[in-house]
Amino acid sequence: MMKTKNSKTVLKGKRIIVGVTGGIACYKSCELVRLLIQEGVDVHVVMTSSAKQFVTPMTFQALSCNQVHDDLFNLTQESEMGHITLADSADLMVIAPATANFLAKAAHGLCDDLLSTIVCVTRAPILLAPAMNVHMFENKIVQENLNKLIGLGWQVVGPDSGSLACGYEGHGRMSEPFLIVSAVEELLTRSKKKK
Ligand SMILES: Cc1cc2nc3c(=O)[nH]c(=O)nc-3n(C[C@H](O)[C@H](O)[C@H](O)COP(=O)(O)O)c2cc1C
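The paragraphs below set out a description of the structure included in this document.

Here is what the cut-offs are and how they apply
Residues numbered from 1 in each chain as written. Predicted model: local features only at pLDDT ≥ 70, side-chain atom pairs only at ≥ 80, totals over all residues. Heavy atoms only, no water. Near = heavy atom within 4 Å. Polar contact = N/O pair within 3.5 Å; in protein donor to acceptor, adjacent residues only side chain to side chain. Areas by Shrake-Rupley, 256 points an atom, 1.4 Å probe, with all protein chains shown as cover. Helix = DSSP H or I, 4+ residues; strand = E, 2+ residues; numbered from the N terminus. Nonpolar A, V, L, I, M, F, W, Y, C, P; charged D, E, K, R; others polar. Axes fitted to C-alpha atoms, helices over the stretch in contact; angles between N-to-C directions. Parallel < 35°, antiparallel > 145°, perpendicular 65-115°, else oblique. Left-handed = near helix turned anticlockwise from the far one by under 90°. Contact = heavy atoms within 4.5 Å. Pairing = 2+ DSSP bridges. Buried < 20%, exposed > 50% of the residue type's maximum accessible area, 1.4 Å probe, protein only. Core = buried A, V, L, I, M, F, W, Y, C linked by side-chain atoms within 4.5 Å. Expected span 1.5 Å × (residues − 1).

1. As for the site of the ligand
And then number 1: Of all residues adjacent to the ligand, which total 14 residues, the nearest are Gly22, Thr48, Thr99, Ala100 and Ala131.
And then number 2: The separation between an oxygen atom of the ligand and a polar side-chain atom of Thr48 is 2.7 Å.
And then number 3: Its free accessible area being 640 Å², the ligand has 62% of it covered by the protein chains.
And then number 4: Here the element with the most residues in the shell around the ligand is helix α6 (residues 100–107); it accounts for three residues.
And then number 5: Across the shell around the ligand, the residue classes break down as seven nonpolar, seven polar and no charged.

Following this line, the structure appears as structure tokens:
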């Protein structure tokens, strides 16, 4: 990965919530978490229930060295670090992969699980790494939802073009984890300058 002179200092000690939603690209989010941890980030992974169909919470827990948050109504999770505390304490949120379903929920302010609720609470900058089938990505409703979020100030990295896990070729691949880390660095640097 290309490093800017101050990239280590921008990431080090930051608390970043990695929201993982239910797409096949979940396996790449494991690498994303590993790269952030290497940079000294305090990573908290929040998984949707669909995401847990693809990668187990145990994998993210082992990689992040923090408990995985996956249930809004879990008495233990809520008492140890409630969703409001987690949302308020984050320096940045990155949703990788961001499913079409997640984009739709976020664009309409739905809060029907832990991740969508935290997204509604936080004041931290939010970076999206969408990933889906090319036809799904080109769907007008999906585009409308994504553009609405961009208009509201959400940042986006990717998706990239290439061969997709579903066998199609085209736009929809989640950006490579090192590119997402670079986008995180850039966003943190920009929001630091604004303060
Ligand atoms: C094998 C498989 C792969 C999927 N991959 C994607 C994907 O890459 N992107 C996407 O938007 N949805 C994908 N889906 C559909 C989502 O899992 C589904 O819309 C789910 O409701 C998303 O829930 P979530 O946004 O709460 O995580 C996939 C489903 C299956 C069965």
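Back to the write-up after that little detour.
2. Side note on the packing of helix α2 (residues 26–38) against helix α3 (residues 57–64)
And then number 1: Orientation of α2 relative to α3, taken along the N-to-C sense of each, is 15 degrees, at an axis distance of 9 Å. In terms of orientation, α2 lies roughly parallel with respect to α3. The hand of the α2/α3 crossing is right-handed. Here α2 contributes Cys26, Ser29, Cys30, Val33, Arg34 and Ile37 to the contact with α3, which in turn contributes Thr59, Phe60, Leu63 and Ser64.
And then number 2: Residues that form the contact of α2 with α3 fall into these classes: six nonpolar, three polar and one charged.

3. Section: the sheet that holds strand β2 (residues 42–47)
And then number 1: Pairing in this open sheet of five strands is parallel, and the strands run β2-β1-β3-β4-β5 from one edge to the other. Only two strands of the sheet have a single partner each, and these edge strands are β2 and β5 (155–156).
And then number 2: Relative to strand β3 (residues 92–98), strand β1 (residues 15–20) is paired through four bridges, and the arrangement is parallel. For Ile17, the partnering residue across the bridge sits in β3 and is Met93.
And then number 3: Its contacts with the sheet put α3 on β1 and β2, and the angle it makes with β2 is roughly 170 degrees.

4. Some remarks on the environment of Lys12
And then number 1: Within the element layout of this structure, Lys12 appears in the loop between α1 (7–11) and β1.
And then number 2: Given a relative accessible area of 59%, Lys12 falls into the exposed group.
And then number 3: Sequence separation between Lys12 and Asp42 is 30 residues, and the spatial gap between their C-alpha atoms is 8.2 Å.
And then number 4: Sequence-distant contacts of Lys12, defined by excluding residues within four places in its chain, comprise Glu39 and Gly40.

5. A word on the nonpolar core
And then number 1: Counting 34 residues, the largest nonpolar core has Ile16, Val18, Val45, Phe60, Val94, Ile180 and Val184 as its most contacted members.
And then number 2: At the level of elements, α1, β1, α2, β2, β3, β4 (126–130) and α10 (177–194) are the ones that each hand at least two residues to this core.
And then number 3: Ignoring any residue separated from it by four or fewer positions in sequence, one finds Val45 in contact with Val18, Val20, Val33, Phe60, Ser64, Val68 and His69.
And then number 4: With 28 residues, the next largest nonpolar core counts Met81, Ile118, Val119 and Leu146 among its residues.

6. Considerations on α2
And then number 1: Across its 13 residues, α2 extends 19 Å between first and last C-alpha, which sits within 8% of the 18 Å expected from 1.5 Å per residue.
And then number 2: When we look at burial in α2, the residues that qualify are Cys26, Lys28, Ser29, Cys30, Leu32, Val33, Leu35 and Leu36.
And then number 3: In the stretch just after α2, Gly40 is the one whose phi turns positive, near 85 degrees.

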